[in-house]
Amino acid sequence: MTLAFDHSYARDLPGTYLRVAPDVAPAPRLLFLNRPLAADLGVTLDDDHARDWFSGAALPPGADPIAQAYAGHQFGGFSPQLGDGRAHLLGEVVAPDGRRFDIQLKGSGKTPFSRGGDGKAAVGPMLREVVISEFMAAMGVPTTRALAVVATGEEVWRETKLPGAVLARVAASHLRVGTFQFFAARGDQARVKALADHAIARHYPDLAGHDAPYLAFLDAAIERQTALIADWMGLGFIHGVMNTDNMAISGETIDYGPCAFMEGYAPDTVFSSIDRQGRYAYQNQPLILGWNLARLAETLIPLLDPDPDRAVEIANDRLATTAARYRADWTRVMRRKLGLPGEDPGDDRLAEDLLTAMQGADWTLTFRRLADAGRLRPLFTDFTAMEAWLPRWRARAGDGAARRLAAANPAVIPRNHQVEAALTAATEGDMAPFHALLAAIQAPFTEAEPYMLPAPSGFGRYVTFCGT
Ligand code: AMP
Ligand code: MG
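Worth saying up front: this structure is predicted, and the values here are computed from it rather than measured.

### A few points about the coordination of the magnesium ion (ligand 2)
Only Asn 246 (OD1) and Asp 255 (OD) from the protein reach the magnesium ion (ligand 2) as donors, at distances of 1.9 to 2.1 Å. Of the two residues examined, Asn 246 and Asp 255, each falls in the buried class.

### So, the site of ligand 1
Of all residues adjacent to ligand 1, which total 18 residues, the nearest are Gly 83, Gly 85, Arg 115, Gly 119 and Asn 246. Arg 115 is positioned such that a nitrogen or oxygen atom in its side chain is 2.9 Å from an oxygen atom of ligand 1. Asp 255 places a side-chain nitrogen or oxygen 3.5 Å from an oxygen atom of ligand 1. In isolation ligand 1 exposes 470 Å². Once the protein is present, 87% of that is buried. Residues that form the shell around ligand 1 fall into these classes: two nonpolar, eight polar and eight charged.

### Quick look at empty space enclosed by the protein
On inspection of all chains with the given rule, the structure shows three cavities of 30 Å³ or more. As a volume, the largest cavity reaches approximately 70 Å³. Together, Gln 225, Leu 228, Trp 232, His 239, Val 241, Met 242, Asn 246, Met 247, Ala 248, Glu 252, Thr 253 and Ile 254 line the largest cavity. One number sums up the size of the second largest cavity: a volume of about 40 Å³. Forming the walls of the second largest cavity are Asp 6, His 7, Tyr 9, Ala 10, Asp 64, Ile 66, Leu 89, Leu 90, Gly 91 and Glu 92. Secondary structure elements with two or more residues in the lining of the second largest cavity: helix 1 (8-12) and strand 6 (87-94). Examining the composition of the lining of the second largest cavity, we find that four residues originate from one element, strand 6, more than from any other.

### With respect to the pairing of strand 8 (residues 145-157)
As judged from the four bridges shared by strand 2 (residues 29-33) and strand 8, these two strands associate in the antiparallel manner. Residue Arg 29 lies in a different strand from strand 8, and its bridge partner there is Ala 151. Sheet analysis places strand 8 next to strand 9 (residues 161-171), joined by nine bridges and oriented antiparallel. Of the residues in strand 9, the one forming a bridge with Val 149 is Leu 167. The turn linking strand 8 back onto strand 9 is made up of three residues.

### A closer look at the packing of helix 4 (residues 123-138) against helix 16 (residues 416-427)
Following both chains from N to C, one finds helix 4 and helix 16 inclined at 135°, their axes separated by 9 Å at the closest point. On the basis of their axis angle, the class for helix 4 and helix 16 is oblique. Here helix 4 runs over helix 16; the crossing is right-handed. Counting all contacts with helix 4, which are made through Val 123, Gly 124, Leu 127, Arg 128 and Val 131, the residues of helix 16 involved are Val 419, Glu 420, Leu 423, Ala 426 and Thr 427.

The rules behind these values
Residues numbered from 1 in each chain as written. Chains lettered and ligands numbered in written order. Predicted model: local features only at pLDDT ≥ 70, side-chain atom pairs only at ≥ 80, totals over all residues. Heavy atoms only, no water. Donors = N, O, S within 2.8 Å, 3.2 Å for Na, K, Ca; no water. Buried < 20%, exposed > 50% of the residue type's maximum accessible area, 1.4 Å probe, protein only. Near = heavy atom within 4 Å. Polar contact = N/O pair within 3.5 Å; in protein donor to acceptor, adjacent residues only side chain to side chain. Areas by Shrake-Rupley, 256 points an atom, 1.4 Å probe, with all protein chains shown as cover. Nonpolar A, V, L, I, M, F, W, Y, C, P; charged D, E, K, R; others polar. 1 Å grid on protein atoms, 1.4 Å probe; cavity = no way out; pocket = protein on both sides within 12 Å on 5 of 7 lines; lining within 4 Å. Points joined across faces, edges and corners; volume = space filled by probe spheres on them. Helix = DSSP H or I, 4+ residues; strand = E, 2+ residues; numbered from the N terminus. Pairing = 2+ DSSP bridges. Axes fitted to C-alpha atoms, helices over the stretch in contact; angles between N-to-C directions. Parallel < 35°, antiparallel > 145°, perpendicular 65-115°, else oblique. Left-handed = near helix turned anticlockwise from the far one by under 90°. Contact = heavy atoms within 4.5 Å.

Listed below in structure tokens is the structure:
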């Protein structure tokens, strides 16, 4: 058994966390263990240790559990104190390739940051995080990963009584925009600087020794976030809670709560039951990206220039590049999705025009089937606009388009009705549908019925919940 912890966050950043032990799960049962991920991390362990270590039933040797402080803008309103209210960072592991990862338990009990919450999580939402994050990983989208899910043997109360679970989550770090905000809001510039130094060392080591390291850090964070949101848009992914406490400085997708994938293309799609204004609707994600980056930049102002007015100007100059960078990233993503070779100045217009023509059609399969009119047409109730668009696309895409489409566009995504069916079964004790779904989404380019099919018409409008 090897699982060797380091604790660079706790070492570098005293005063940004509280030491607190996870709850002891009364009757832990291992539901999921990500063996390939464990191997990548250089972690070897058997099922019994995984069950005990990743449920809080027993702490792994060398673990030093902490709850991290953070703040956050939630749906636009600032909460100065959030923090890990149901999570415990056990420590960091350094993989054989030298990369450092946090191992955090989620759903592992109350902490001083819990406010009114019970500190717990239910089986369904934790397995949901596994399915969606494994799909992101399979598609090459930066994401936190799920190492294990353990049923605790406890019941948790949500709308109803549910089986409890703990997720062991692997992340490049759990530094959030909200971590910076926590200390900036308290005027603690020394800790903001220490956080920035830690983030640079950990996520942007090339910037060490830069003559303007904090501006370069802001710039690099903008770069990764714009690329990430462009990836989300390409997949039809709707995060659902793009609050600043759910935006990782590493550029990974984090905090899979009410997230889901859009099926029929509708830019105003919202799934989360609590997002009544549609703040985090599909089409708003690139705008929220810019808004959240502005919140990060604000925390860094004192580090950018001794003259506050000059510092604001410097930050604004950088933030002003976000929209154009996002546009370039989006165009790159769409070029791949459309199977276009090389680059042409008209590519983003071609992509935009497809969006206009494909309203209501299945987001995923439309791209997958562009070269196969016979299978494309049934996805549409009205094909007229596509009839006009397709010849333009064919002329631009040229030879080999079918092969490029198949390599860029997934056949299988976590379809909402399949995810629901798998999680419902798991909640009732049957893990087979979950494992079958997981296997399908881990090989997203392999056409596998029934997983590639859109929801049956009777499935209705999909609503997701935070699962908190
Ligand atoms: P989230 O919406 O999951 O990103 O969480 C927002 C905040 O609420 C964070 O500070 C979480 O730690 C906290 N939180 C969410 N669920 C719970 C829970 N069941 N018990 C305690 N705190 C929670
Ligand atoms: Mg969160």
